[in-house]
Amino acid sequence: MDPIKNPFSPGAGSPPPELVGRDPDLEQARILLGRIQQKKSEKSMLLTGLRGVGKTVLLKEIQQLARQTGYRTIFIEAHENKPLGSLLIPYLRGLLFDLNRMEGMSDKVRRGLAVLRSFIGSVQLTVRDITIGIDIDPELGSADSGDLEVDLPELFVAIGEAAEDRKCAVAILIDEIQYFNQKELGALIMAMHKVQQERLPFVLFGTGLPVLPGLAGEAKSYSERLFNFPDIGALSQVDAAKALEQPVRAVGVSFEPAALEEIYRLTQGYPYFLQEWGYQSWNLAPASPITLQIVRKASSVVIPRLDKNFFKVRFERLTPNEKFFLRAMAELGPGVHRIGEIADLLKIKPTSLSPVRADLIKKGMIYSPAYGEIAFTVPLFDGFMVRAIPELRFPA
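Residues numbered from 1 in each chain as written. Predicted model: local features only at pLDDT ≥ 70, side-chain atom pairs only at ≥ 80, totals over all residues. Heavy atoms only, no water.

1. Here's the deal with the packing of helix α9 (residues 257–267) against helix α10 (residues 271–284)
Two numbers describe how α9 lies on α10: the axes approach to 9 Å, and their chain directions differ by 140°. Taken together, the axis directions place α9 and α10 in an arrangement best described as oblique. As for how α9 packs across α10, the hand of that crossing is right-handed. Here α9 contributes Ile-263, Leu-266 and Thr-267 to the contact with α10, which in turn contributes Phe-273, Leu-274, Trp-277 and Ser-281. Of the residues contributing to the contact of α9 with α10, the split by class is 5 nonpolar, 2 polar and no charged. (Axes fitted to C-alpha atoms, helices over the stretch in contact; angles between N-to-C directions. Helix = DSSP H or I, 4+ residues; strand = E, 2+ residues; numbered from the N terminus. Parallel < 35°, antiparallel > 145°, perpendicular 65-115°, else oblique. Left-handed = near helix turned anticlockwise from the far one by under 90°. Contact = heavy atoms within 4.5 Å. Nonpolar A, V, L, I, M, F, W, Y, C, P; charged D, E, K, R; others polar.)

2. As for the layout of surface pockets
When its volume is computed, the second largest pocket comes out at roughly 630 Å³. Together, 27 residues line the second largest pocket, and Gln-178, Val-211, Leu-215, Ile-361 and Lys-362 are the ones closest to its centre. Breaking the lining of the second largest pocket down by element, the ones donating at least two residues are α6 (182–197), α7 (212–219) and α14 (354–362). Residue composition of the lining of the second largest pocket, grouped by class: 11 nonpolar, 7 polar and 9 charged. (1 Å grid on protein atoms, 1.4 Å probe; cavity = no way out; pocket = protein on both sides within 12 Å on 5 of 7 lines; lining within 4 Å. Points joined across faces, edges and corners; volume = space filled by probe spheres on them.)

3. Some remarks on empty space enclosed by the protein
Going through the model one piece at a time under the given rule, you end up with 1 cavity of 30 Å³ or more. The calculated volume of the largest cavity comes to roughly 140 Å³. Surrounding the largest cavity, 15 residues form its lining, Ile-36, Glu-42, Val-195, Gln-196 and Phe-202 being those nearest its centre. For the lining of the largest cavity, the secondary-structure elements that each account for two or more residues are α6 and β4 (202–208). Per-element accounting of the lining of the largest cavity gives the leading share, 3 residues, to α6. Here the lining of the largest cavity is built from residues that sort into 8 nonpolar, 3 polar and 4 charged.

4. Focus on the sheet that holds strand β7 (residues 366–367)
Strand order in the open sheet made by the 3 strands is β6-β8-β7, with antiparallel pairing throughout. Sheet topology places β6 (337–338) and β7 at the edges, where each strand pairs with a single neighbour. Here 2 bridges tie β7 to strand β8 (residues 373–376), and the two strands are oriented antiparallel to one another. When the bridges of β8 are listed, Ile-366 appears paired with Phe-376. Sheet strands touched by helix α12 (residues 320–331): β6, β7 and β8. Its angle to β8, the strand with the most contacts, is close to 90°. (Pairing = 2+ DSSP bridges.)

5. Topic: the pairing of β8
Here β6 pairs with β8 via 2 bridges, running antiparallel. Note on β8: the bridge partner recorded for His-337 is Ile-374. What sits between β7 and β8 in their antiparallel hairpin is a turn of 5 residues, with Gly-372 showing a positive phi close to 80°.

6. Let's talk about the pattern of salt bridges
Under the counting rule described, the total for this entry stands at 19 salt bridges. The salt bridge partner of Lys-183 is Asp-147, with a shortest N-O separation of 3.3 Å. Highlighted residues: Lys-183 in helix α6 and Asp-147 in the loop between α4 (107–124) and α5 (148–165), separated in sequence by 36 residues. Take Lys-183: its relative accessible area is 42%, and that puts it in the partly exposed class. When the shortest N-O distance is used, the salt bridge between Glu-316 and Lys-312 registers 3.8 Å. (Salt bridge = Lys/Arg side-chain N within 4 Å of Asp/Glu carboxyl O. Buried < 20%, exposed > 50% of the residue type's maximum accessible area, 1.4 Å probe, protein only.)

As structure tokens, then:
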């Protein structure tokens, strides 16, 4: 079949041809956006889930929904080594200039720019790469203390007031929120608390790994009263079949039922992997329907691709001890494991594993679904670890 017409799109954050199984989350977002526009209280949303479940795709879909309902939006990807303040500044500057262009400068927009100018000055004290300028005097005493938990709420309120003055609403969307440190996450929570108290047209959507609710709770104990944390998981077998069938049906192609069952078995319903198997199966199929034999043939292409492009980039960031730790997890099989099981396998005390465990959580490789338990954040990573380190050997 013609590879140019291949409807599948594997890639980080690439939108699938059909977004299925996410209607409840989109409906929750629609209600949130509508209530904020009407100045009614509603919790912002922080979407959580493993790698490869489509959190970024869903966040981008929410951004489109917000734009369609009149919101000004900002989409930000958090980085491990990029401070929150310096990350926000260029986007907030662009937002305020956008508000300014709507009808000419207003007092509220001018004040928002002045407060942002003050905030930039405070961030420059600790972050040397901030060179963005605003041709307006700072508002002394506003967002210039150098304490992010004080300054960010003042800045968000000023921006919310500017948006309210322009009779519009603002949605900030942040991908990978778990990369912020505790101080930054606490400041972000405090800022959203402040705008919610003022009932300003300002809403936050974010994504993060399953550790995010715990991190938010540690940063500020009242975070669960400010945010909903929808769990974005793998697709059901029915929805996984729809994600594969609907795109190809539009161009007169079909999958055999056995082929769909095999792809679901291999992918466990994770959207990223569905796109990989769908993409390679299409390219290898001589004609419709796509058969079980073609899917099995595709696996010999997909697995090395995943190992090289999806799994290995994470594997190479690990220290030797971290690799041994994850290899022991893989030996125990998929699912949730207790730290004591890994210690027994390695023949060491559980307390000796605590530093490695903490580093792996920080790197986003594992998370703790319950006290004393750990699991991979990357689906199917246990199989990769066995392929990457075939023999169970650990240092003495």
